[in-house]
Structure formats: structure tokens, C-alpha cells
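Listed here are the chains, written in short residue letters.
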Amino acid sequence: MLQSLAGSSCVRLVEQHRSAWCFALLVLGYLLYLVFGAVVFSSVELPYEDLLRQELGKLKQRFLEEHACLSEQQLEQFLMRVLEASNYGVSVLSNASGNWNWDFTSSLFFASTVLSTTGYGHTVPLSDGGKAFCIIYSVIGIPFTLLFLTAVVQRIIVYVTRRPVLYFHIRWGFSKQVVAIIHAMALGFITVSCFFLIPAAIFSVLEDDWNFLESFYFCFISLSTIGLGDYVPGEGYNQKFRELYKIGITCYLLMGLIAMLVVLETFCELHELKKFRKLFYVKKDKEEDQVHIMEHDQLSFSSISDQAASMKDDQKANEPFVNSQSPTSNDSSLNN
């Protein structure tokens with residue numbers, strides 16, 4: 001008997017604090033996922049980093065042996081300056097001297113990456129004035145971009161998601177939940193095809209050093225706004241129609257972000273996902289006094305309305321010659 005009472009009390013305790021337990025499991029799962037990612041990345045990438053370090057060390061030693069007049073300190077100072085310029089998007093290579101980072105099209109591409117919070121990092125402001133303007137521009141532009149994308153997605157999702165689901169639900173009688181799931185899967189497949197697979201194939205052709213996997217990787221990193229910056233299109237020295245290419249990439253990023261937000265909003269409106277998200281939310285509890293007051297007001301209002309309705313019925317019953325027709329019918333008869 002004591003065991004049954006203890007079990008029932010434990011079940012009752014879990015049910016009362018169900019949201020807190022789910023939230024704790026969510027936090028634990030997220031931390032474990034972070035640790036899992038760190039372990040995998042470290043085990044996969046650390047050997048390649050070690051090989052690259054050994055290769056660079058051998059090249060440096062060979063270069064110093066072939067150029068005895070150059071000291072190691074002078075070489076390191078030169079390399080540090082080159083790496084610093086490279087971090088700002090300026091290369092000392094002869095084949096890259098013709099590409100300017102701050103012409104109009106490149107600046108337009110940079111502005112789009114800043115406002116969309118993608119931030120590849122391949123081009124950054126050099127001057128103090130440019131850095132100050134970037135801060136002010138971002139503070140105003142990022143909320144403005146969120147407002148713009150939200151307004152666009154809110155209008156698109158009406159025609160792309162809600163009306164098609166209601167059409168199949170009302171016209172053909174299918175279950176609304178089933179239609180919503182099928183529609184979300186179809187929309188996700190179309191988005192992946194139009195904004196990931198097809199652009200990846202195009203980038204693999206236009207970019208000389210990219211294969212399909214690297215192109216797909218760029219599309220995903222860009223449209224997810226991660227923006228690592230290890231792959232940036234249009235930076236090749238022999239890139240044809242570079243200005244037009246940069247404008248096309250800017251349009252692709254903007255349209256891709258809108259498509260991604262539409263897909264995410266479509267999946268978020270699924271009943272199953274809404275029910276799943278509620279497991280981790282805090283329930284809004286009302287104070288007992290407010291509940292009692294609301295219940296008392298509702299009871300008093302309902303009793304008054306019931307009394308008024310009964311009084312009207314009694315009056316109608318006591319007046320046998322009252323016409324039962326509606327006022328509109330009386331008006332029509334008078335007009336006739």
C-alpha cells in the first residue's frame with residue numbers, strides 16, 4: 001500500500017511539473033548535442049590541421065635554406081603583414097590585383113550580408129569611419145530587415161500555405177492535419193530543389209575550384225545565415241561579368257532567405273509541432289482570486305441574461321395577438 005501511495009505521489013509530482021521536467025531534458029539534450037559536435041569536429045579536423053602545419057613548416061624551412069640572405073624574423077614579419085591584409089580582403093597575389101572589394105556591386109553584396117546577418121567576413125571595413133558607419137547601419141538595418149522579411153513572408157504564406165491547405169480540406173474533404181503535413185513536405189522538397197540543388201549545380205559550373213559538394217555547402221551555410229566565409233562566390237581573378245554575378249548572388253540570398261522563412265513558418269504551423277513545443281513552455285497560471293472573480297461575474301451575467309430571456313417569454317405569452325413575423329417581413333408587406 002505504501003508503494004502504491006509513493007508511486008501515485010511521484011506520478012502526481014511529475015504531472016504537476018511536467019513543463020519543468022521537459023525543459024530540463026531539453027537543456028540536457030542541447031548540451032549533449034554541443035559536446036557531440038565538438039567531439040566529431042575535433043576527431044575529423046584535427047589530423048588535417050596537423051598535416052597542414054607540418055607541410056607549412058617544411059615549406060618555410062626550405063624557403064629559408066634557399067634564401068640564406070633572408071632571416072626568419074624578416075620572413076615572419078612579411079607573412080604577418082600579408083595575413084593581416086588577407087583578413088581584410090586584400091590579396092598580394094598578382095592574379096587578384098584586378099578585383100576591388102569596395103566597388104558598388106561588392107559593397108552591395110557586403111551590405112546584404114550584413115543586414116541578413118550572414119557575414120562571410122571575407123571583406124570588412126578598413127577605416128574607422130567605415131567601422132563606425134557599419135555599427136550604425138547594422139543597428140538600424142537589421143531590425144528593418146527583420147520587419148521587411150516578416151511582412152513579405154506573412155503575405156506569401158497566405159497564398160502558398162494557408163489557402164492551398166484550406167482548398168483541399170474544404171473542396172475535397174481531406175483531413176486538415178494530413179493535408180498540412182503533405183503540403184509542408186512538398187514545399188520543403190521544392191525549396192531544397194530550387195534553392196540548394198539547382199544553385200549548387202550552377203555554382204559548381206561557374207566557380208572553377210568548387211565541386212558540387214562545396215557548392216551545396218556554400219548554399220546551406222549562406223541561407224542558414226551561418227556565413228563561415230571559407231567559400232565566397234565571384235572572387236576568382238578570371239571571373240566573367242563579375243558585377244552582374246555579384247548582383248545575382250545578392251538577389252539569390254534575399255530570395256533564398258524568404259523561401260527558408262516561408263518553409264519554417266509552414267512547419268511551425270503544423271499541429272504536431274505546436275503540441276510538441278508546448279511541452280517546453282511555461283503555462284500561464286491565473287491567481288485564484290482572479291479566477292473566482294471571473295467565475296462569479298460569468299455566473300451573475302448568465303443568470304441576469306436568463307432572467308431577462310424568461311421575462312420576454314412571459315410577456316409574449318401574455319400577449320396572444322402579437323404578430324410573430326419579423327420586422328423585415330412586415331416592411332415588405334407594407335411596401336406591397
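Residues numbered from 1 in each chain as written. Predicted model: local features only at pLDDT ≥ 70, side-chain atom pairs only at ≥ 80, totals over all residues. Heavy atoms only, no water.

An unreviewed UniProt entry lists the chain under the name Potassium channel subfamily K member 1, with Panurus biarmicus given as the organism.

Okay, the packing of helix H5 (residues 128–171) against helix H6 (residues 176–206) next. Contact pair H5 / H6: the axes reach a minimum separation of 9 Å and the direction vectors enclose 135°. The angle between H5 and H6 falls in the class oblique. Judged by the twist between their axes, the crossing of H5 over H6 is right-handed. Facing H5, whose interface residues are Val160, Thr161, Pro164, Val165, Leu166, Phe168 and His169, H6 presents Lys176, Val179, Ala180, His183 and Leu187. (Axes fitted to C-alpha atoms, helices over the stretch in contact; angles between N-to-C directions. Helix = DSSP H or I, 4+ residues; strand = E, 2+ residues; numbered from the N terminus. Parallel < 35°, antiparallel > 145°, perpendicular 65-115°, else oblique. Left-handed = near helix turned anticlockwise from the far one by under 90°. Contact = heavy atoms within 4.5 Å.)

Here we take up a nonpolar patch on the surface. There is a patch of nonpolar side chains on the surface, built from Val192, Leu197, Ile198, Ile202, Val205, Leu206 and Phe212 and spanning about 610 Å² of accessible area. At six residues, H6 tops the list of elements feeding residues into the nonpolar patch. By secondary structure assignment, the location of leucine 206 is in helix H6. Given a relative accessible area of 40%, leucine 206 falls into the partly exposed group. (Patch = residues over 30% accessible without salt bridge, like charges linked within 9 Å, V, L, I, M, F, W, Y side chains within 5 Å. Areas by Shrake-Rupley, 256 points an atom, 1.4 Å probe, with all protein chains shown as cover. Salt bridge = Lys/Arg side-chain N within 4 Å of Asp/Glu carboxyl O. Buried < 20%, exposed > 50% of the residue type's maximum accessible area, 1.4 Å probe, protein only.)

In this section: helix H4 (residues 104–115). Here H4 spans 16 Å end to end across twelve residues, near enough to the 16 Å set by a 1.5 Å rise per residue. With nine of twelve residues buried, H4 is to be regarded as a mostly interior element. Among the residues making up H4, those that are buried are Thr105, Ser106, Phe109, Phe110, Ala111, Ser112, Thr113, Val114 and Leu115. Tucked inside the fold, the buried residues of H4 contact H5 and helix H8 (242–268). (Expected span 1.5 Å × (residues − 1).)

Throughout the structure, instances matching the rule amount to one cavity of 30 Å³ or more. If you add up the space inside the largest cavity, you get close to 50 Å³. Contributing to the lining of the largest cavity are Asn101, Ser106, Phe109, Phe110, His122, Thr123, Glu235 and Lys246. No other element matches the three residues that H4 contributes to the lining of the largest cavity. Split by residue class, the lining of the largest cavity holds two nonpolar, four polar and two charged. (1 Å grid on protein atoms, 1.4 Å probe; cavity = no way out; pocket = protein on both sides within 12 Å on 5 of 7 lines; lining within 4 Å. Points joined across faces, edges and corners; volume = space filled by probe spheres on them. Nonpolar A, V, L, I, M, F, W, Y, C, P; charged D, E, K, R; others polar.)

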